[in-house]
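This is what each chain is made of:
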There are 2 protein chains.
Amino acid sequence: MATRGRPRTFDPDTALRRALDLFWERGYEGTSLNDLAEAMGIASASIYSYFGSKENLFRKVMALYGTTSGEPPRRALHKQPTARTAIHDMLRATADEITRPDTPHYCMLILAAPTGAVENHAVREFLADLRRDMFATVKDRLARGVTDGDLTAPAAGLDAIARYYTTVVQGLSIQARDGADRAELESVITCAMAAWDTLTSAPSHRAMISSRSGR
Amino acid sequence: MATRGRPRTFDPDTALRRALDLFWERGYEGTSLNDLAEAMGIASASIYSYFGSKENLFRKVMALYGTTSGEPPRRALHKQPTARTAIHDMLRATADEITRPDTPHYCMLILAAPTGAVENHAVREFLADLRRDMFATVKDRLARGVTDGDLTAPAAGLDAIARYYTTVVQGLSIQARDGADRAELESVITCAMAAWDTLTSAPSHRAMISSRSGR
DNA sequence: CTCATTATTTATCGAACGACCGGAAAACCC
DNA sequence: GGGTTTTCCGGTCGTTCGATAAATAATGAG
């Protein structure tokens, strides 16, 4: 290995975890380097020497977030046997994650940087890309349901259904942020799943794209 | 009237409108006083003398926002004759508003300040209160449908249904922010409305609040 | 031990932040 | 006119922003 030079005194993993907690609570722009340095237990200069920049630190934080808090919903999505139970369990896993007593009550991916100063456009697009991936993952799971035979929805409607449940996931974050508890989120999920049979059985979704005169 | 003293050289309404545009694009914390002063065409001291503070300016901006962009969805909600058409049209009016070519593609009420620095907690709660009002307005409209006779859902389920459609509204903002166009939002709305019959006809929503073991 | 290498701390950078003066400018009153 | 009131602009307050340079400390290599 040959670790020459002065050894690091801080543990990168725990430092990253502390940075995650702070970014999660305050968002990207709401978290300052001084805040981060204090929480991580190192000087801000050490953050730059190891993580490169504030933006780069945030990207690594999001990677950690994806493998921790993002894992239960993702696992539900491809461990459940049918498309229906996969979506349903994914929603419930999401609700579980955003109502944990020890973390902020919302999804960091969704609320850490939806808007902000012009100079942080790259960060916002980075998160937007991850959210679009989320939509694609949901859609892929629905497509798998079709090939598995447990879903009979027309291929043309998969896009709409995937976007619909992605929208619900994202809306749940606002609800939890504003104080909705786990039971209230569950009631939303129940309502959202009430559309499933109509969406997947009836082939009447040819008219999904309705032309609508401007108001 | 007796307007003593030096008359104002700027029009408060247009200045407020300019502030609205900037806050809308960059969010609360992402907009600086220098940015605002430049866009409003007045010095930052004039902002303080007339609007009080950055936070107070933002509150007045949100009031303007509510009476402009917030009006179409609100009007749809209580102009439509039935609860169903009211909800449906409210969703479409929302989609119209957040895909207008001349404004940012999201609802300012939802995304201007979901997270941020600790010192701006009051602003976030101010917006959260407005969002909770939004939920209450939807719920009231459903209750009106019950008294009008066009809605047969049990009173216990009104909370869940109102929260569900509020969640969809809020999710739509993220979708539009991430690039979904008007037609894609319409497909989400169609999916969301597909749950209506199931939610309002079947009285099986006694089990809406399901006890769920932690995972 | 000596020296090269790496990590960390301290100090600081220029710029921007929100906030707030002091005074000039422009209207009203009498 | 003079005196008063109000608005506006320029400037600047102390602080904090993200980022960096220099100096110190701690290790392995030779």
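Residues numbered from 1 in each chain as written. Chains lettered and ligands numbered in written order. Predicted model: local features only at pLDDT ≥ 70, side-chain atom pairs only at ≥ 80, totals over all residues. Heavy atoms only, no water.

- An unreviewed UniProt entry lists chain A under the name TetR/AcrR family transcriptional regulator, with Rugosimonospora acidiphila given as the organism.

### Description of the environment of B:Thr9
Okay, so step 1: Locating B:Thr9 in the fold gives a position in the segment before helix H1 (12–26).
Okay, so step 2: Put simply, B:Thr9 and B:Ile42 are 33 residues apart on the chain and 9.1 Å apart in space, counted from C-alpha to C-alpha. (Helix = DSSP H or I, 4+ residues; strand = E, 2+ residues; numbered from the N terminus.)

### Details of the protein's contact with DNA strand D
Okay, so step 1: DNA strand D sits among 23 residues. The nearest are A:Ser32, A:Leu33, A:Tyr48, B:Arg4 and B:Thr9.
Okay, so step 2: What you see for DNA strand D is that sugar and phosphate hold 74% of its atoms within 4 Å of the protein.
Okay, so step 3: Here A:Thr31 contributes a backbone N or O atom positioned 3.4 Å from a phosphate oxygen of DNA strand D.
Okay, so step 4: A:Leu33 has a polar backbone atom sitting 2.7 Å from a phosphate oxygen of DNA strand D.
Okay, so step 5: At the level of secondary structure, the elements contributing two or more residues to the surface near DNA strand D comprise helix H2 (33–40) and helix H3 (44–51) of chain A together with helix H3 (44–51) of chain B. (Near = heavy atom within 4 Å. Polar contact = N/O pair within 3.5 Å; in protein donor to acceptor, adjacent residues only side chain to side chain.)

### Digging into helix H6 (residues 83–97) of chain A
Residue and element names in this part refer to chain A.
Okay, so step 1: The end-to-end C-alpha distance of H6, which contains 15 residues, comes to 21 Å, matching closely the 21 Å that a straight helix rising 1.5 Å per residue would cover.
Okay, so step 2: The buried count for H6 comes to 11 of 15 residues, which makes it a mostly enclosed element.
Okay, so step 3: All of the buried residues in H6 are Ala83, Ala86, Ile87, Asp89, Met90, Leu91, Ala93, Thr94, Ala95, Asp96 and Glu97. (Expected span 1.5 Å × (residues − 1). Buried < 20%, exposed > 50% of the residue type's maximum accessible area, 1.4 Å probe, protein only.)

### A word on the nonpolar core
Okay, so step 1: In this structure, A:Tyr164 and B:Tyr164 are the most contacted members of the largest nonpolar core, which totals 137 residues.
Okay, so step 2: Apart from residues no more than four positions distant in its own chain, B:Tyr164 is found in contact with A:Tyr164, A:Val188, A:Cys191, A:Ala192, B:Ala192, B:Ala195 and B:Leu199. (Core = buried A, V, L, I, M, F, W, Y, C linked by side-chain atoms within 4.5 Å. Contact = heavy atoms within 4.5 Å.)

### Considering the relation of the copies chain B and chain A
Okay, so step 1: Turning chain B through 180 degrees and shifting it by 0.0 Å along the axis lays it on chain A, with an RMSD of 0.1 Å. Here the two chains are linked by the operation of a two-fold rotation axis. (Least-squares fit on C-alpha atoms with pLDDT ≥ 70 in both.)

### Some details on the packing of helix H1 (residues 12–26) of chain A against helix H4 (residues 54–68) of chain A
All names here are of chain A.
Okay, so step 1: Two numbers describe how H1 lies on H4: the axes approach to 9 Å, and their chain directions differ by 95 degrees. Between H1 and H4, the crossing angle belongs to the class labelled roughly perpendicular. Side by side, H1 and H4 meet where Leu16, Arg17, Ala19, Leu20, Phe23 and Trp24 of the first sit next to Lys54, Leu57, Phe58, Lys60, Val61, Leu64, Tyr65 and Thr68 of the second.
Okay, so step 2: Tallied by class, the residues present in the contact of H1 with H4 amount to 10 nonpolar, 1 polar and 3 charged. (Axes fitted to C-alpha atoms, helices over the stretch in contact; angles between N-to-C directions. Parallel < 35°, antiparallel > 145°, perpendicular 65-115°, else oblique. Nonpolar A, V, L, I, M, F, W, Y, C, P; charged D, E, K, R; others polar.)

### Some details on the interface of chain B and chain A
Okay, so step 1: Listed per partner, the contact involves 56 residues of chain B and 56 residues of chain A.
Okay, so step 2: Roughly 4,700 Å² of surface becomes buried between chain B and chain A when both sides are summed, with 56% attributable to carbon and sulfur atoms.
Okay, so step 3: Among the ionic pairs, B:Arg131 bridges to A:Asp178, the shortest N-O distance being 2.7 Å.
Okay, so step 4: The interface formed by chain B and chain A includes 17 residue pairs in polar contact (both at pLDDT 80 or more).
Okay, so step 5: At the level of elements, H1, helix H6 (83–97), helix H7 (108–111), helix H8 (121–148), helix H9 (155–177), helix H10 (182–193) and helix H11 (196–201) of chain B are the ones that each hand at least two residues to the side of chain B that touches chain A.
Okay, so step 6: Ranked by residue count, the leading element in the side of chain B that touches chain A is H9(B), at 13 residues.
Okay, so step 7: Its residues assigned to classes, the side of chain B that touches chain A shows 25 nonpolar, 13 polar and 18 charged. (Buried area = accessible area lost by both parts, 1.4 Å probe. Salt bridge = Lys/Arg side-chain N within 4 Å of Asp/Glu carboxyl O.)

### Section: the pattern of salt bridges
Residue and element names in this part refer to chain B.
Okay, so step 1: In this structure the tally under the stated criterion is 40 salt bridges over all chains.
Okay, so step 2: Its salt-bridge partner being Asp21, residue Arg17 comes within 3.5 Å of it at the nearest N-O pair. In this pair, Arg17 and Asp21 are both assigned in helix H1, 4 residues apart and thus about one turn of the helix distant.
Okay, so step 3: Judged by relative accessible area, which is 33%, Arg17 ranks as partly exposed.
Okay, so step 4: Since its relative accessible area comes to 38%, Asp21 is described here as partly exposed.

### Quick notes on the packing of H3(A) against H4(A)
Residue and element names in this part refer to chain A.
Okay, so step 1: Contact geometry of H3 with H4 gives a least axis separation of 9 Å together with a crossing angle of 65 degrees. When the axes of H3 and H4 are compared, the pair comes out roughly perpendicular. Of the two elements, H3 crosses H4, and the hand of that crossing is left-handed. Across from Ile47, Tyr48, Tyr50 and Phe51 in H3, the residues of H4 making contact are Lys54, Asn56, Leu57 and Lys60.
Okay, so step 2: Here the residues of the contact of H3 with H4 are counted per class, giving 5 nonpolar, 1 polar and 2 charged. (Left-handed = near helix turned anticlockwise from the far one by under 90°.)

### Let's talk about the packing of aromatic side chains
Okay, so step 1: All chains considered together, the criterion is met by 16 aromatic pairs over all chains.
Okay, so step 2: Measuring from ring centre to ring centre gives 5.9 Å for B:Phe23 and B:Tyr28, while their planes differ by 10 degrees; the resulting arrangement is stacked. We note that B:Phe23, like B:Tyr28, is buried.
Okay, so step 3: Site record: aromatic cluster; members linked through ring pairs are A:Phe10, A:Tyr50 and A:Phe51.
Okay, so step 4: Over the aromatic face of A:Tyr28 sits the side chain of A:Lys54, whose NZ or CZ is 4.5 Å from the ring centroid. (Phe/Tyr/Trp six-rings, centres within 6.5 Å; stacked < 30°, edge-to-face > 60°. Lys NZ or Arg CZ within 6 Å of the ring centre and 35° of its normal.)

### Notes on the UniProt feature "DNA-binding region" (unreviewed entry) in chain A
Okay, so step 1: Those residues carrying the UniProt feature "DNA-binding region" (unreviewed entry) are residues 32–51 of chain A in this numbering.
Okay, so step 2: The span residues 32–51 of chain A is 80% helix and 0% strand, and its two end C-alpha atoms sit 15 Å from each other. (UniProt positions renumbered as here; feature names shortened; annotations may be inferred.)

### A look at the protein's contact with DNA strand C
Okay, so step 1: Among the 23 residues in the neighbourhood of DNA strand C, the closest are listed as A:Arg4, A:Arg6, A:Thr9, B:Leu33 and B:Tyr48.
Okay, so step 2: Taking A:Phe10, its main chain carries an N or O atom lying 3.4 Å from a phosphate oxygen of DNA strand C.
Okay, so step 3: Between B:Lys54 and DNA strand C, the recorded distance is 3.0 Å, taken from a side-chain N or O atom to a phosphate oxygen.
Okay, so step 4: At the level of elements, H3 of chain A together with helix H2 (33–40) and H3 of chain B are the ones that each hand at least two residues to the surface near DNA strand C.
Okay, so step 5: Here the element with the most residues in the surface near DNA strand C is H3(B); it accounts for 3 residues.
Okay, so step 6: For the surface near DNA strand C, the per-class residue count stands at 8 nonpolar, 9 polar and 6 charged.

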